[in-house]
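Coordinate inspection notes
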Amino acid sequence: MDNSYTDRTWQSADGLTLHFRDYPGSDARPPVICLHGLTRNARDFEALAPHIAAQGWRVIVAEMRGRGDSDYSDDPATYAVPTYVGDLMALLDQEGIESFVSVGTSMGGLITMILATLQPQRIAGAVLNDVGPVLETSGLDTIKGYVGQGRSFPTWMHAARALEEVHGATFPRFDTEQWIAMAKRTLTLSSGGRIVFDYDMKIAEPILAADENAVPPDLWPAFETLAAKPLLMLRGGISGLLGEAAFAEMRRRAPAAAAATIPEVGHAPTLDEPEARAAIDSFLAGLA
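Residues numbered from 1 in each chain as written. Predicted model: local features only at pLDDT ≥ 70, side-chain atom pairs only at ≥ 80, totals over all residues. Heavy atoms only, no water.

**Some thoughts on the overall build of the chain**
Counting secondary structure elements, the chain contains ten helices and eleven strands. For 288 residues, the compact-globule estimate of 2.2 N^0.38 gives 19 Å, and the C-alpha radius of gyration of the chain, at 18 Å, lies within 12% of that figure. Taking the principal axes of the C-alpha coordinates as reference, the chain spans close to 45 × 40 × 35 Å. Sequence-distant contacts in the chain: of pairs separated by 6 or more residues, those separated by 24 or more amount to 73%. When the accessible surface of the chain is summed, it comes to about 12,400 Å², and 51% of that surface belongs to carbon and sulfur atoms. (Helix = DSSP H or I, 4+ residues; strand = E, 2+ residues; numbered from the N terminus. Rg over C-alpha atoms; globule rule 2.2 N^0.38 Å. Contact = heavy atoms within 4.5 Å. Areas by Shrake-Rupley, 256 points an atom, 1.4 Å probe, with all protein chains shown as cover.)

What follows is the structure in structure tokens.
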């Protein structure tokens, strides 16, 4: 089977052209849709997506507005999970997808949970990667500390070292080659010849403007909707965003779900770790 992908697009309700990678697979089962985290893009799944496609699944890797090859929005207020959910629904409608298996990292998992409350029939199964209904304040503060910082670098090695400075505690086992690979997933070569982050810096505005004293929405009902579906929950063993207590409560409320902790990784596992890959393979085999 040819596991190369086609670059394709879809339209948002407010007129943006959004990009996705489409890996061919069987029409006899729901497709797998990979949803990236806050500052990331389709390249986060450049290893996982062909691995899943080789097992016969059609895999779609969606790039949310303001990331990668998707249009940037003129209105930073649209950089919010409810808008991303609407964008994903537009993709599902364009492609005639009645149901799908979600692989959601961080923000991608939040998108999955909200979609499950609105159109539960659309979710055939879900992988939540280092995200849940309760997120640690310290982990959110860490994200606020780096999102939207419009830095640029002269070489990939400079970019890799900058990532290691910020995220070294998250990936303590990474060597130089892995940091360079991470840089090439996260950043891009700009038209001016500098290496820059591959997202609209304005995605930070709604996050930084949010009222820190506001009561966060209760996402447990959304999670429990997902818990009624085939579900795999992954947590980085040293994650600062999904705490051990919250993960334990997720397992308590979803006793039928599969769960795995990825050792010596923070937020969020790349899903290329052997433990993550084995858990995902086993989960998908149960759905096939």
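**Considering the pattern of salt bridges**
Within the structure shown, the criterion is met by 16 salt bridges. Linking Arg 8 and Glu 95 is a salt bridge whose minimum nitrogen-to-oxygen distance equals 2.8 Å. Of this pair, Arg 8 sits in strand 1 (residues 6–11) while Glu 95 sits in helix 2 (residues 81–95), and the two are 87 residues apart along the sequence. The partner of Arg 277 in a salt bridge is Asp 272, with the nearest N and O atoms 2.7 Å apart. (Salt bridge = Lys/Arg side-chain N within 4 Å of Asp/Glu carboxyl O.)

**A word on the layout of surface pockets**
Counted as a void, the largest pocket has a volume near 1,200 Å³. For the largest pocket, the lining is made up of 33 residues, of which Leu 110, Leu 135, Leu 140, Pro 216 and Pro 217 are closest to its centre. Secondary-structure elements contributing two or more residues to the lining of the largest pocket are helix 2, helix 3 (107–118), helix 4 (137–146) and helix 7 (204–209). Per element, the largest residue contribution to the lining of the largest pocket is five residues, and it comes from helix 4. Here the lining of the largest pocket is composed, by residue class, of 24 nonpolar, three polar and six charged. The volume enclosed by the second largest pocket comes to roughly 530 Å³. Forming the walls of the second largest pocket are 31 residues, and the residues nearest its centre are Thr 39, Arg 40, Tyr 146, His 167 and Thr 186. Counting only elements with at least two residues in the lining of the second largest pocket, the list comes to helix 4, helix 5 (156–167) and helix 6 (176–186). (1 Å grid on protein atoms, 1.4 Å probe; cavity = no way out; pocket = protein on both sides within 12 Å on 5 of 7 lines; lining within 4 Å. Points joined across faces, edges and corners; volume = space filled by probe spheres on them. Nonpolar A, V, L, I, M, F, W, Y, C, P; charged D, E, K, R; others polar.)

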